[in-house]
Amino acid sequence: MRSVFFAIALIVLASPLYAQANSSEVRPDDASSAELTDAIEFINLPTNEYNFTWRAGAISRFLRMHAKHMRELLGRATLRNYVERNVVALALWLSDTPEATELLKLQAEYNPLLSAAPPIGAGVSLDAPRPDVTHLENLYNGVEEANVLDIAWGMYDVSGDEEILGSFIRCAARRSAPTEGAYVYWCIPKKGRQPFPGGAEGLDIVAMAAKWSVLSRAEQKAAFAAEVERVLLLQSPEVQAGFREPLPDFEQNKSRYSAE
């Protein structure tokens, strides 16, 4: 799947990160063997630079759903390379359950990247604050912060969490990024932040990416379009008005979000 980040600019593709530990309701852990098999099959799908952050979010939600079976899920996972091991480590960090923390601490004894402070490796510091995908409107307006949107979509695609979709809508509708109290991406490269894509200076690219991804998905699936409209009408009049404004005339807003 092409990431939200990819839609803004084809940069920082290997930058793994995002998501929320406090999201709303998680199903009781009474999974059938078929549900566990489905989760294992998903974890075993290939990971690459384009789907890393989306898969981390999705896997984290599977791990939260099946916390009591976490060791079984991961014990039956086939992690073929360093990238796939890292996406599972990131998913554990994002899921933020006692079971996940216990496994991460065990892994950190053998993988120094997991216990190091950002910006080393994937930046999976056990102590780093986790962003909240139910309040994406609080994101700082930076190229790196768009990774959070991609992880949020992974979580949404597994859970259908209305709070996450509402958060996308509020982010898309915001008039400007917060200047105080914004959530800043926790893994900025040593070389510093990426510059804005050409022609995007002065734009709120995080809000633009949020709106583009919602609208692009809605164009492709009528059922999702109906869900967007339902959740939009639950928002404040100001948010509704902001969301209905057209996207900026920006070349990459003409592309389509792909879940392939």
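On a predicted model such as this, the values are computed, not experimentally measured, just so you know.

Trainee: I would appreciate a short explanation of the nonpolar core in the present structure.
Mentor: A general trend in soluble globular proteins is that nonpolar side chains are found buried together. Within the largest apolar cluster, 61 residues are counted, with the highest numbers of intra-cluster contacts made by Leu92, Leu136 and Phe168. No other element matches helix α5 (residues 82-95), which puts eight residues into this core. Among residues more than four places away in sequence, those in contact with Phe168 are Leu136, Leu149, Ala152, Trp153, Ala210, Ser213 and Val214.

Trainee: What should I look at first to understand unusual backbone geometry in this one?
Mentor: Leave glycine aside and you will find that most residues have negative phi; peptide bonds, for their part, are mostly trans. The phi dihedral of Asp96 is positive, around 55°, even though this residue is not glycine. Inspection of the secondary structure puts Asp96 in the loop between α5 and α6 (98-108).

Trainee: What is the right way to look at the packing of aromatic side chains in this model?
Mentor: Aromatic ring pairs are reported here in terms of the distance separating the ring centres and the angle at which the planes meet. One pass over the structure, following the stated rule, counts six aromatic pairs. Centroid distance Tyr156 to Phe224: 6.1 Å. Interplanar angle 70°. Geometry classified as edge-to-face. Within this pair, whereas Tyr156 is found in helix α8 (residues 146-159), its partner Phe224 is found in helix α11 (residues 222-232), the two being separated by 68 residues in sequence. Of the two residues, Tyr156 and Phe224, both sit in the buried class. Site record: aromatic cluster; members linked through ring pairs are Trp153, Tyr156, Phe168 and Phe224. For the cation-ring pair, Arg55 lies above Phe42, with the distance from its terminal atom to the ring centre recorded as 5.1 Å. Geometry around Phe224 places Arg217 over its ring, the cationic atom sitting 6.0 Å from the centre.

Trainee: I would appreciate a short explanation of the confidence of the model for the protein in the present structure.
Mentor: Residues of the protein with pLDDT of at least 70 account for 79%, and the chain-wide mean is 81. Within the protein, helix α1 (residues 4-8) has the poorest average pLDDT of any element, 40, and helix α9 (residues 162-173) the best, 98. Segment residues 1-26: pLDDT under 50, and 110 contacts once partners within four positions in sequence are set aside and those in other chains are kept.

Cut-offs used in this document
Residues numbered from 1 in each chain as written. Predicted model: local features only at pLDDT ≥ 70, side-chain atom pairs only at ≥ 80, totals over all residues. Heavy atoms only, no water. Core = buried A, V, L, I, M, F, W, Y, C linked by side-chain atoms within 4.5 Å. Buried < 20%, exposed > 50% of the residue type's maximum accessible area, 1.4 Å probe, protein only. Helix = DSSP H or I, 4+ residues; strand = E, 2+ residues; numbered from the N terminus. Contact = heavy atoms within 4.5 Å. Phe/Tyr/Trp six-rings, centres within 6.5 Å; stacked < 30°, edge-to-face > 60°. Lys NZ or Arg CZ within 6 Å of the ring centre and 35° of its normal. pLDDT = per-residue confidence, 0-100.

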